[in-house]
Amino acid sequence: MEFTDFVAARGSALYRYGYVLTGNAEDAADLTQEALARLGDAWSRIRKKDDPEGYVRTTMARLHISLWRRLRKERLVAAVPEAAYTDDYPGETGLWNELKGLPPKQRAVLVLRYYEDLPDDEIAGLLGISRGTVRSQAARALDKLRVRVAPAETEAVR
Amino acid sequence: MNDRSEAELIRLLADAADAAPEPKGDLAGTVQLRRSRRRTRRRLQSALAVAGVVTVVAGGTAVGRGVSSGEGGDGHVLTTEVTPTAVPSPEESSGDGTSSESPTVRPAAEVWPATVSWIPAKAADGSKYRPITGLSATELLLSAESSFEKVGRLEVYDTMTGRSTVLTQMPTPKEGKDYYTQDVEAGTDYIAWWGETPNTPDKWADFWVVPRAGGTAKRVGEVTGALAEVTRIGVTADSLVWSVKAGGVYRMPLSGGAPGRIAGTDGLHLLSWPWAADVDGKQDTGAGNQTKLVNLETGTTTEVNVPKGVDGLRCGPVWCFGAKGDAALVQRVDGSDRRTVPGLGRAGGSSSLLTGRTGGFVGFFGYSQRGGTASGYVPSEVVYDPISGMAGGIGDRTNGGGYGVGVSSSPTSIVYWDADERQVEECGEVDAASVPLTRPSGAPAPTGKIRTCAQVQKGGGKEFTVVNLLALPYMN
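Note that the structure is predicted; figures quoted are calculated from it, not measured.

This next bit is on the sheet that holds strand S28 (residues 361-366) of chain B. Residue and element names in this part refer to chain B. Taken in spatial order, the five strands line up as S5-S30-S29-S28-S27 in an open sheet, and their pairing is mixed. The sheet is open, and its two edges are formed by strand S5 (105-107) and strand S27 (352-355), each paired on a single side. Averaged over all neighbouring strand pairs, the angle between strand axes comes to 35 degrees, with direction disregarded. The pairing of strand S29 (residues 381-384) with strand S30 (residues 391-394) spans four bridges and is classified as antiparallel. The residue bridging Val 383 from the neighbouring strand is Gly 392, located in S30.

Now the structure itself:
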């Protein structure tokens, strides 16, 4: 598979993942572009032995919690004239807006757990933090969002 | 009261992903544009290209926010006998407790006037200067690049006389433009660098040295495969040393000969010869903590006292810097003198090391205080001196905030910026056919060219403001 084919096939799904990770369209596009650019640079290596989709999703999660987005100056925006966009998810606004108040790492942990459906030890490996940190970040975030953890899952999660 | 369920959260995230607004512009095109921009700046920093925060300094040239270095760091010399000059808000260190106080951040030029100099951004022949690291309090090692694609030469700029002298030419051993010199390392007797062919599938790298006094560059040797995935290099009186992506430190005699792995270096990465760490300081996010520091000359391993709740902890021989919550964490390797510094660093973010005088390291952090300082000054980054507790601001975010970090292999002593630059939008055309992704479903496939724009730095290009931490006013 060529890199451009991968971008064509997976770009949209990756952007949606970026959208739940960042909470807005501009940052989602930025994150997706940057992660794909890095994948493109490493393509010959990744294609051979690794999983490109996993690589790019990991890169996106890590970039999201890193200093990268705050500090980068080369922000690429496209100037294709189309309809105006809103950055806000038009559906249920309360919880979505409250998610925006979370620090990047807490948000990343929630997205990986509840959107990507990953177990805590995989989240730990992916973000390069300990399992304990995953649990504490998730617990703090859920508490802030007033989400109760189902009793059945308490065993597994805590 | 917790009145929401996990199922609600799962549903919300799934729905939000489905309802995500159509992204503006084209994905494949912007990815392509980004990659071509990355290639142009990869010459001096390909190790950082996959990693690192990229900040733009002048005329669109970007440098990675990598760490790099002075003289190979015999970092023992910093002691507590240092008497700090007047500090507006010194932190208090209380035994095993952790103190916490925001430093007053003023521009580095006000805090440490001796460290700041202004150098031309270009040589007399038009070559662009790129600062690498300080060689002493008054000498700066620079590379001069005749064009993006051309490997240039090394120069030493004397901040006292304002004059630059050529140290050596940097040869291109492989024909064509596939060869890029990478990080330069300033050792005690030699200046060394390595090069590679990052845009070809081969894993290949070569190493070069020139005497510190200058002369003709000599190629030490070349390597292939996993040995060519260089993270950092060092140079001693008789050997070139380097660490590789998979971990492990190798050595090659300067006189040439086969590379050999240094025993006991599994999983280690060079920090700055002879120091190695169990994390790669040039890693992407700086996540995870360094737990040990190894002196490869003596074989001594020092365990780092890693406190709970810290992330991205990186240690030199004396001091460690990391993040705790939304603040920076600073301590000695054994955990003493521990403090958090609100306003610097950020949760989940990394800090990096810069080389201060005599090889001691200082911390380099993001500035997170919203609204800036009392005077209205908002630095891009902050250099934090753990001994005096003083903090010097780098760059000026209200002017766009670009800055560069010296591109040496070990942590550099140089941070610099162009005070005259500003941000503008620059547009180019890409082939619409390369952009299959982001049009609304059902819309016809675009044809012809699509305009794509990028924010780039403009203006400036005449002078760099350089902070050389080798001129920090310590009294040893």
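With that out of the way, let us pick up the nonpolar core. Core analysis: the largest hydrophobic core is formed by 93 residues, its most contacted members being Ala192(B), Leu240(B), Ala328(B), Val383(B) and Tyr384(B). Setting aside chain neighbours within four positions, we find Val383(B) in contact with Ala108(B), Leu354(B), Val362(B), Phe364(B), Ala391(B), Gly392(B), Ile394(B), Val415(B) and Leu469(B). Core analysis: the next-biggest nonpolar cluster, separate from the first, contains 47 residues, Val20(A), Ala28(A), Ala35(A) and Val111(A) among them.

The next subject is the confidence of the model for chain A. All names here are of chain A. Counting all residues, the mean pLDDT for chain A is 77, and 76% of those residues have values of 70 or more. When mean pLDDT is compared element by element in chain A, helix H7 (residues 104-115) scores highest at 93, while strand S1 (residues 76-78) scores lowest at 31. Considering only residues more than four positions removed or in separate chains, one finds that residues 69-88, a stretch of pLDDT under 50, has 60 contacts. Under a pLDDT of 50 for its full length, residues 152-158 has, in the predicted model, four contacts with residues more than four places off or in other chains.

For the rest of this paragraph, the subject is helix H4 (residues 52-65) of chain A. An ideal rise of 1.5 Å per residue puts 20 Å on 14 residues; H4(A) measures up with 20 Å between its terminal C-alpha atoms. Residues Val56(A), Arg57(A), Thr59(A), Met60(A), Ala61(A), Arg62(A), Leu63(A), His64(A) and Ile65(A) constitute the buried set of H4(A).

In this section: unusual backbone geometry. Geometrically, the link from Trp273(B) to Pro274(B) is a cis peptide bond, its omega value of 0 degrees lying close to zero. Mapped onto the elements of the fold, Pro274(B) is located in the loop between strand S19 (269-272) and strand S20 (275-277). You will see that Asp117(A), though not glycine, has its phi angle at about 60 degrees, which is positive. When you line up the elements, Asp117(A) lands in the loop between H7 and helix H8 (120-127). For Asp117(A), a count of 9 C-beta atoms within 10 Å puts it in the exposed group. With a phi angle near 55 degrees, Asp337(B) is a residue other than glycine that sits in the positive phi range. Inspection of the secondary structure puts Asp337(B) in the loop between strand S25 (327-332) and strand S26 (339-341). For Asp337(B), a count of 20 C-beta atoms within 10 Å translates into the label buried.

Cut-offs and rules
- Residues numbered from 1 in each chain as written.
- Chains lettered and ligands numbered in written order.
- Predicted model: local features only at pLDDT ≥ 70, side-chain atom pairs only at ≥ 80, totals over all residues.
- Pairing = 2+ DSSP bridges.
- Helix = DSSP H or I, 4+ residues; strand = E, 2+ residues; numbered from the N terminus.
- Axes fitted to C-alpha atoms, helices over the stretch in contact; angles between N-to-C directions.
- Core = buried A, V, L, I, M, F, W, Y, C linked by C-beta atoms within 7 Å.
- Buried ≥ 20, exposed ≤ 12 C-beta atoms within 10 Å, placed from the backbone.
- Contact = placed C-beta atoms within 7 Å.
- pLDDT = per-residue confidence, 0-100.
- Expected span 1.5 Å × (residues − 1).

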